[in-house]
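Residues per chain are reported as follows:
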Amino acid sequence: MVDYHAANNQASSGGVQTYMEQENDWDRDLLLDPAWEKQQRKTFTAWCNSHLRKAGTQIENIEEDFRDGLKLMLLLEVISGERLPKPERGKMRVHKINNVNKALDFIASKGVKLVSIGAEEIVDGNAKMTLGMIWTIILRFAIQDISVEETSAKEGLLLWCQRKTAPYKNVNVQNFHISWKDGLAFNALIHRHRPDLIDYDSLRKDDPVTNLNNAFEVAEKHLDIPKMLDAEDIVGTLRPDEKAIMTYVSCFYHAFSGAQKAETAANRICKVLAVNQENEQMMEDYEKLASDLLEWIRRTIPWLENRTQEKTVNDMQAKQEDFRDYRCVHKPPKVQEKCQLEISFNTLQTKLRLSNRPAFMPSEGRMVSDINGAWHTLEGAEKGYEEWILSEIRRLERLEHLAEKFHQKAAIHESWTDGKEAMLTQKDYETSTLSEVKALLRKHEAFESDLAAHQDRVEQIAAIAQELNELDYYDSASVNARCQKICDQWDVLGALTQSRKESLERTEKQLESIDELYLEYAKRAAPFNNWMEGAMEDLQDMFIVHNIEEIQGLITAHEQFKSTLSEANKEREAIQSIQAEVQKIAQSNGIKLSGANPYTTITPESIDNKWEKAMAMVPLRDNALQDELNKQNSNDTLRATFATQANTVGAYIQAKMEEIGRISIEMNGTLEDQLTSLKDYQTNIMSYMPEINKLEGCHQLIQEALIFDNQYTSYTMEHLRVGWEQLLTTIARTINEVENQILTRDAKGISQEQLYEYRASFNHFDKKRSGQMVSDDFRALLIATGNSLGDSEFNRIMGIVDPNGSGAVTFQAFIDFMSRETTDTDTADQVIASFKILAADKNYITADELRRELPPDQAEYCIARMAPYSGPDAVPGALDYMSFSTALYGESDL
């Protein structure tokens, strides 16, 4: 039996619970149910005798044997362990009343309010009042001090019964009357603590008498709990007496109170292990997320660094579309993963600090700083890749334009040179008359003029070929071959021209002067014809421009060209008038012309035809230039539209970045209110996302239009993307900081008023309003909060709040320090003490003991991680719980 001498010997004058007051309030006139009275007589008598036998006596009739007050005083001395005033030994009624009053005064001195119970009723043998007095004694000395999980007395005893019988089938303890009628609850209590005494699986719910008698007999025989109830009385009563049941069950509680300590120790260990398991899972999740993100970056960077050149603009634009798909589809989820990774890391570190565990150090190469470094490399590769794509598109456009121009000029030149070698190598002057020779000489002079005029075109062809080579044109081989052929042919033409000229000059003196009009015609027709060919070439020339100024320059040049057409037409009419004069002289003098002008192959018809073609090309050129001007005006509108949106978005991002900086310092209200406000603020920011997408659409139109500059804004899409991502990350970090403050407050028991005081103090000394302060300001803050600091103590504190030695202290570090200084946390010594209770004071523990006392998953967790015990008292299967407990707090490795 439990030693009641160890019970509370001194009760506070005002510490009586309301429950005690209600249970002690016996109605003098209320009749007791006969069945209940019978149960109470038997139970209370057995309970009193379980204590009186320690003094070598007992009672037979509860209302008769306490009438003189002597055994009543003896009972109180036994259960309280205190001495009462000396009783009066007289047999008179007054002596009995005095003895009973001494007992009642002692009960009242223990903080119990006796209502309607007087000494006269006890002396007179009033059964109802006597039972009420004994129930008051039982409440005070057997039930009041029961405490289970912050509940006490009746509620504590009921909760204890529920906890102990929860695993058993057909047992559902909800009260102290009908929940016990089938006897299974009594057997479950015994089996839970002494499974060797009860074969619980053999019990049947439909045989309550057998179940009750089995529990009563086992308790009396093996647990020293006297039989206080009759099975037949309990089964035969619709509702057994609650006080009788509570009295008997309280004996079980005190008998098994030692097991309660083991349960408390097991609960402490479970709590510590649950925290450790949760932290390990968060560490595994961080490692996996970090590995996946780094692997994605590792795979992506080589793709962004690939500079394999394409042959056409379309191929490069396909690459540009792939890059745009990467930017809009593949990268945003990774941005979110990176943000979530930082949040998880901060939350894990906060939980480790709150549970007094060492800080988490990720695997090598998986630190947040490593991931940020890899991310910075990725963004650098992105920028370089985008710039390379745009430059390649410009280069390929330039190459295609140059190649087209080269082949156009080469075709014109080859068409002009066709047949020139044969003409220069003929010997017609050897059989010609003097006039014919002179005509040939003049014709040759005209050809030399034409040849000189074509020198510029040959040089242009060679220059274009050189530029194509420098720009690494993919078909440079065919261009070079064609250019070389033209140059070689040009050299041959020059040599042949010089040779023919020398031959004609040798015979010039032998020839007569030919008709001056033919000569004049030839001299004026040749350059005019060459001018028309150049004009036609310019009118068909392709052009590429990037802004309005360039196209306006081309339009101005074209207008200047058109202004010269009047003079050119006069020259054409003058040339045609020469030919008309030839015909007039021939007709006037009856001269029969032999055929075409001997000095030139340019006929008046060919001049007129070329002139008509050139005039037809002028309006076509006008239309092409106007179309390009319209395109550049459209591009300029796109620039202005993008600039308007970009300037608005840039100002919005800048304003919100400054605003979130102020909000993080000036927030008021509870932390939950602050968290709600921040999440609402985050939602408000995310509602701006359509403007970002709208700007992305405008930027896509600009890129498709091949617009490479914008004088209307200093913002680029890349700058705005980075700013937007920084804004979202800053908001997420601020929300995470408040969530960590809530974790700190709840884990450390810090009140809202204390958090307000900490925030106000921190903000007062945070001179720069940056959310962190230098060491001198932090020292002033500590002194203002009542800390008396020497240099060594301050250096110790700085080592806690600034472990990296950055010289700055954040608000979260300040809260962690203050909560650590003012609250209690589990320690390795406490966990070792708890294991020692489970191990029955041994220096080791066995797997069976762990499985019996702990939940299955946590028992297996300990068994898998505990090292074998090697002390001098070791037995097979012994486990070392001391080193395991120490390792939980970072002092050694598991």
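Residues numbered from 1 in each chain as written. Predicted model: local features only at pLDDT ≥ 70, side-chain atom pairs only at ≥ 80, totals over all residues. Heavy atoms only, no water.

1. A closer look at the overall build of the protein chain
The secondary structure content of the protein chain amounts to 33 helices and six strands. Across the 894 residues in the protein chain, those meeting the buried criterion constitute 46%. Pairs at least 24 residues apart make up 75% of the contacts formed inside the protein chain by residues separated by at least 6 positions. Total accessible area on the protein chain is roughly 44,400 Å²; 50% of this is exposed by carbon and sulfur atoms. (Helix = DSSP H or I, 4+ residues; strand = E, 2+ residues; numbered from the N terminus. Buried < 20%, exposed > 50% of the residue type's maximum accessible area, 1.4 Å probe, protein only. Contact = heavy atoms within 4.5 Å. Areas by Shrake-Rupley, 256 points an atom, 1.4 Å probe, with all protein chains shown as cover.)

2. Some points on the nonpolar core
Judged by nonpolar contacts, the single largest core of 78 residues is most densely connected at Ile-137, Trp-180, Phe-186 and Phe-252. Each residue touching Phe-186, except ones within four places of it in the same chain, is listed here: Trp-180, Leu-212, Ala-215, Phe-216, Leu-229, Ile-245, Tyr-248, Val-249 and Phe-252. With 48 residues, the next largest nonpolar core counts Ala-646, Ile-653, Ile-692 and Leu-720 among its residues. (Core = buried A, V, L, I, M, F, W, Y, C linked by side-chain atoms within 4.5 Å.)

3. A few points about unusual backbone geometry
Phi at Asp-224 takes a positive value of approximately 60 degrees, unusual for a residue other than glycine. If you trace the backbone, Asp-224 turns up in the loop between helix H10 (208-222) and helix H11 (231-236). A positive phi is found at Asn-356, a non-glycine position, where the angle reads about 65 degrees. Among the secondary structure elements, Asn-356 is positioned in the loop between helix H14 (313-354) and helix H15 (368-417). Among the residues examined, Asn-356 registers a relative accessible area of 33% and is labelled partly exposed.

4. A closer look at the packing of helix H5 (residues 93-109) against helix H7 (residues 127-143)
Think of two packed helices as two axes; the pair is described by the angle between the axes and how far apart they sit. The interhelical angle for the contact between H5 and H7, taken along N-to-C directions, is 35 degrees, at an axis separation of 11 Å. Considering the relative orientation of H5 and H7, their crossing is left-handed. In contact with Leu-104, Phe-106 and Ile-107 of H5, H7 contributes Met-133, Thr-136, Ile-137 and Phe-141. Partitioned by chemical class, the residues of the contact of H5 with H7 number six nonpolar, one polar and no charged. (Axes fitted to C-alpha atoms, helices over the stretch in contact; angles between N-to-C directions. Left-handed = near helix turned anticlockwise from the far one by under 90°. Nonpolar A, V, L, I, M, F, W, Y, C, P; charged D, E, K, R; others polar.)

5. Brief notes about the packing of aromatic side chains
Overall, the coordinates contain 29 aromatic pairs when judged by the stated rule. Taken together, a centroid distance of 5.4 Å and an interplanar angle of 45 degrees make the contact between Trp-303 and Tyr-385 tilted. Of this pair, Trp-303 sits in helix H13 (residues 257-305) while Tyr-385 sits in helix H15; the two residues are 82 residues apart in sequence, bridging distant segments of the chain. Overall, Tyr-385 belongs to the buried group, its relative accessible area being 3%. For the ring pair Phe-835 and Phe-884, a centre distance of 6.1 Å and an interplane angle of 80 degrees mean the geometry is edge-to-face. (Phe/Tyr/Trp six-rings, centres within 6.5 Å; stacked < 30°, edge-to-face > 60°.)

6. Some details on the pattern of salt bridges
In this structure the tally under the stated criterion is 49 salt bridges. Arg-204 serves as the salt-bridge partner of Asp-206, at 3.1 Å between the closest nitrogen and oxygen. We note a salt bridge from Asp-622 to Lys-562, for which the minimum N-O separation is 3.4 Å. With Asp-622 in helix H22 (residues 604-666) and Lys-562 in helix H20 (residues 548-563), the pair connects residues that are 60 residues apart, well separated along the chain. Judged by relative accessible area, Asp-622 falls into the partly exposed class, the value being 25%. Judged by relative accessible area, Lys-562 falls into the partly exposed class, the value being 27%. One salt-bridge network, held together by shared partners, links Arg-327, Lys-331, Glu-379, Glu-382, Glu-386, Glu-696, Glu-718 and Arg-721. (Salt bridge = Lys/Arg side-chain N within 4 Å of Asp/Glu carboxyl O.)

7. Remarks on empty space enclosed by the protein
Summary: where empty space remains is shown by rolling a probe the size of a single water molecule over the atoms. In total, this model carries one cavity of 30 Å³ or more according to the counting rule given. Estimates place the volume of the largest cavity at around 50 Å³. As for the largest cavity, its lining consists of Met-423, Gln-426, Leu-440, Lys-443, His-444, Phe-447 and Arg-500. Examining the composition of the lining of the largest cavity, we find that four residues originate from one element, helix H17 (residues 434-470), more than from any other. Considering only residue class, the lining of the largest cavity consists of three nonpolar, two polar and two charged. (1 Å grid on protein atoms, 1.4 Å probe; cavity = no way out; pocket = protein on both sides within 12 Å on 5 of 7 lines; lining within 4 Å. Points joined across faces, edges and corners; volume = space filled by probe spheres on them.)

8. Thoughts on the side chain of Asn-736
Here Asn-736 is to be found in helix H25 (residues 717-748). Asn-736 sits in the buried class, given a relative accessible area of 2%. Excluding anything up to four places from it in sequence, Asn-736 contacts Ile-343, Asn-346 and Thr-347.

9. A few points about helix H23 (residues 671-686)
For H23, which comprises 16 residues, the first-to-last C-alpha distance of 22 Å matches the rise-based estimate of 22 Å (1.5 Å per residue) to within 8%. Those residues of H23 that sit buried are Leu-671, Gln-674, Leu-675, Leu-678, Tyr-681 and Ile-685. Seen from one end, H23 has its buried residues packed into an arc of 125 degrees, which puts them on one side. (Expected span 1.5 Å × (residues − 1). Arc of directions from axis to C-beta.)

10. Here we look at the environment of Leu-76
One can find Leu-76 in helix H4 (residues 70-80). Here Leu-76 falls in the buried class, since its relative accessible area comes to 0%. Spatially, the C-alpha atom of Leu-76 lies 9.8 Å from that of Cys-48, the residues being 28 residues apart in sequence.

11. A closer look at the packing of helix H2 (residues 34-52) against H4
Viewed as axis vectors pointing N to C, H2 and H4 meet at an angle of 65 degrees, and their least axial separation amounts to 9 Å. On the basis of the axis angle, H2 is roughly perpendicular to H4. Viewed along their axes, H2 and H4 form a crossing whose handedness is left-handed. Here H2 contributes Trp-47, Cys-48, His-51 and Leu-52 to the contact with H4, which in turn contributes Lys-71, Leu-74, Leu-75, Val-78 and Ile-79. (Parallel < 35°, antiparallel > 145°, perpendicular 65-115°, else oblique.)

12. Brief notes about the confidence of the model for the protein chain
Per-residue confidence for the protein chain averages 81 on the pLDDT scale, and 89% of its residues sit at or above 70. With pLDDT under 50 throughout, residues 1-31 is counted as low confidence; its partners more than four residues away or in other chains account for 72 contacts. With pLDDT under 50 throughout, residues 510-514 is counted as low confidence; its partners more than four residues away or in other chains account for 15 contacts. (pLDDT = per-residue confidence, 0-100.)

13. Comments concerning the environment of Lys-102
Inspection of the secondary structure assignment puts Lys-102 in helix H5. Considered as a pair, Lys-102 and Leu-72 are 30 residues apart in the sequence and their alpha carbons are 9.7 Å apart. Lys-102 has contacts with Met-73, Leu-84, Pro-85, Lys-86, Pro-87 and Glu-88, leaving out every residue within four places of it along the chain.

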